Amino acid sequence: MSKYVLALDQGTTSSRAIVFSHDGEIVSVAQQEFPQILPSPGHVEHDPEAIWESQIAVAHESLSKASITAADVAAIGIANQRETTVLWERDSGRPVCNAIVWQSRISAGICDRLKAEGHAELFREKTGLVVDAYFSGTKIKHLLDAHEGLRARAERGEILFGTVDSFLIWRLTGGKQHVTDYSNASRTLLFNIHTLEWDEDLLRILDIPRAMLPEARSSSEVYGETSPEWFGTSIPIAGAAGDQQAATFGQACFEVGSAKNTYGTGCFLLMNTGKQAVASQNNLLTTIGWGLNGEITYCLEGSVFVAGAVVQWLRDGLGLIKESGEVEQLAASVNDSDGVVIVPAFVGLGAPYWDAYARGTIFGLTRGTNSGHLARAALESMAFQTRDLIDAMQRDSGVALSMLKVDGGASVNNALMQFQSDILNVAVQRPVVAETTALGAAYLAGLAVGYWNDTSDVTKNWAIDREFQPAMQEPDRDKRCARWKTAVSRTLDWDSHD
């Protein structure tokens, strides 16, 4: 048995590769940022070649750092930014245009028309999703509409669509496999999460050719092998999941009602609902968590579009910090935000508001406001947005959350995690291995090749680093949450379409 599993964690702002050992511990990490392309307000693109080049580079770097070769790797697992949409040529493998990133609102107008035509409920019933520019389906339609002749080429099978996992698997296998997993398929607005098939009714409404789409398969199985040109020898590609589902798996959220929140570019809260696809009454999403051993696990999800990205904005947009890691010290330079509230609706608001026309705002500025207050308010916005999701999720599930598992880059910020516990009034648990997205992808791959036996191995490996207990008084909590709600209400429909 090979000694390690390699996880490729392809994120929104960087590509990472992590080598894991059998006990779920990190052996080596390599990470590389790649450019964000911002053609117009609310529109975000990536160069798929930059994604590929950064991902293959860090894969090699991680093996080198671990002093191992491909022969030491039992399998590769892939976690990816989910709804980001890539179109490429079947013959050459070349992208036909930039990828449209999940954050992009470029297809908001298409969504408005779909809702005006009365299609929203059909999409909701079949996919568990709301009609929103967040998801891949309307992004595909936008590209097919915008590029003359592209739809005809797609109908002939010359143009392929994939989320980033599909694109990476296609490249890694030398064009032999055009596949995705159920969790990624469930984020496209095209996949029936009950029948586990691409839905002909939805494809017809969006005018998307079936020939473009990858084969949807379980999240833990051997999809193919890497072409020898990449690592010198072939490695099984044996697991794939959207980044948030992978993190939920990596956090060992296998019990119905267990939940995790990932603090990445966005914030993503998922609760395991077991074999039941629970329909949300509170503007959350019903999504596939993973497919494993012939069974589907469903989740309720709340998606926040801008979380950690607000720290990047402090760094790149305002120049308040030089490195993202400096934000905790800057925020700690003041006792509180002094009434300042930042609603980081830079690309609209996700759950539970689903307003593509909301825009970022800062409230409560006074002559005494300084950079520390802004940093503090920026961090607090992640906790407030998470509270909005938790409130909706508890109403949907009927389950009162007793504890929240956390992960992602911003979860290492102790002050933020304490404030999160205070605002939620529940314990917040951070695991020893915070890279749970990559870890989940590694587990899914390793399970498929027998490197791990079953999910009990995953549960056994999970270990707590620190638990944060709420310390805020209820009147203070209520006051802060009310102020947040007021601030959000004033951002809605700001950039309206008139």
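In what follows, the accompanying structure is described. For clarity, every value in this text was computed on a predicted model and none was experimentally measured.

Things to note about empty space enclosed by the protein
On inspection of all chains with the given rule, the structure shows one cavity of 30 Å³ or more. Taken as a whole, the largest cavity spans an internal volume of roughly 40 Å³. Lining of the largest cavity is provided by Ser303, Val304, Leu349, Gly350, Ala351, Tyr353, Gln385 and Asp388. Counting residues per element, the ones that place at least two in the lining of the largest cavity are strand S19 (295-304) and helix H13 (371-397). A per-class count over the lining of the largest cavity returns four nonpolar, three polar and one charged.

Points about the packing of aromatic side chains
Inspection of the entire model under this criterion finds 21 aromatic pairs. Each member of the aromatic cluster is reached from another via a ring pair, and the members are Trp102, Tyr134, Phe135, Phe268, Phe305 and Trp354. Cation over ring: Lys405 sits above Trp462, and NZ or CZ is 4.3 Å from the ring centre.

Some remarks on the environment of Pro470
Here Pro470 shows up in the loop between strand S24 (464-468) and helix H17 (474-489). When the C-alpha positions of Pro470 and Gln385 are compared, they lie 17 Å apart, and in sequence the two are 85 residues distant. If sequence neighbours within four positions are ignored, Pro470 has contacts with Gln418, Ser421, Asp422, Asn425, Val426 and Ala427.

Observations concerning the pairing of strand S9 (residues 159-162)
Because side chains alternate across S9, one face comprises the buried residues Ile159 and Phe161, and the other comprises Leu160 and Gly162, equally buried. Across four bridges, strand S7 (residues 86-89) lies against S9 in antiparallel orientation. Opposite Val86, over in S9, you have Gly162 as the bridge partner.

Focus on the layout of surface pockets
The space that makes up the largest pocket amounts to roughly 1,000 Å³. Taken together, 44 residues line the largest pocket, and the ones lying closest to its centre are Tyr263, Gly264, Thr265, Gly409 and Ala410. When contributions to the lining of the largest pocket are tallied by element, the ones reaching two or more residues are strand S2 (14-20), strand S3 (26-33), helix H10 (243-250), strand S16 (259-263), helix H11 (309-317), helix H12 (327-331), H13 and helix H15 (436-448). For the lining of the largest pocket, the element with the highest residue contribution is H11, accounting for four residues. Residue classes in the lining of the largest pocket are distributed as 13 nonpolar, 20 polar and 11 charged. If you add up the space inside the second largest pocket, you get close to 550 Å³. Lining the second largest pocket are 22 residues; nearest its centre among them are Gln36, Leu38, Ala309, Gln312 and Phe346.

Definitions and cut-offs
- Residues numbered from 1 in each chain as written.
- Predicted model: local features only at pLDDT ≥ 70, side-chain atom pairs only at ≥ 80, totals over all residues.
- Heavy atoms only, no water.
- 1 Å grid on protein atoms, 1.4 Å probe; cavity = no way out; pocket = protein on both sides within 12 Å on 5 of 7 lines; lining within 4 Å.
- Points joined across faces, edges and corners; volume = space filled by probe spheres on them.
- Helix = DSSP H or I, 4+ residues; strand = E, 2+ residues; numbered from the N terminus.
- Nonpolar A, V, L, I, M, F, W, Y, C, P; charged D, E, K, R; others polar.
- Phe/Tyr/Trp six-rings, centres within 6.5 Å; stacked < 30°, edge-to-face > 60°.
- Lys NZ or Arg CZ within 6 Å of the ring centre and 35° of its normal.
- Contact = heavy atoms within 4.5 Å.
- Buried < 20%, exposed > 50% of the residue type's maximum accessible area, 1.4 Å probe, protein only.
- Pairing = 2+ DSSP bridges.

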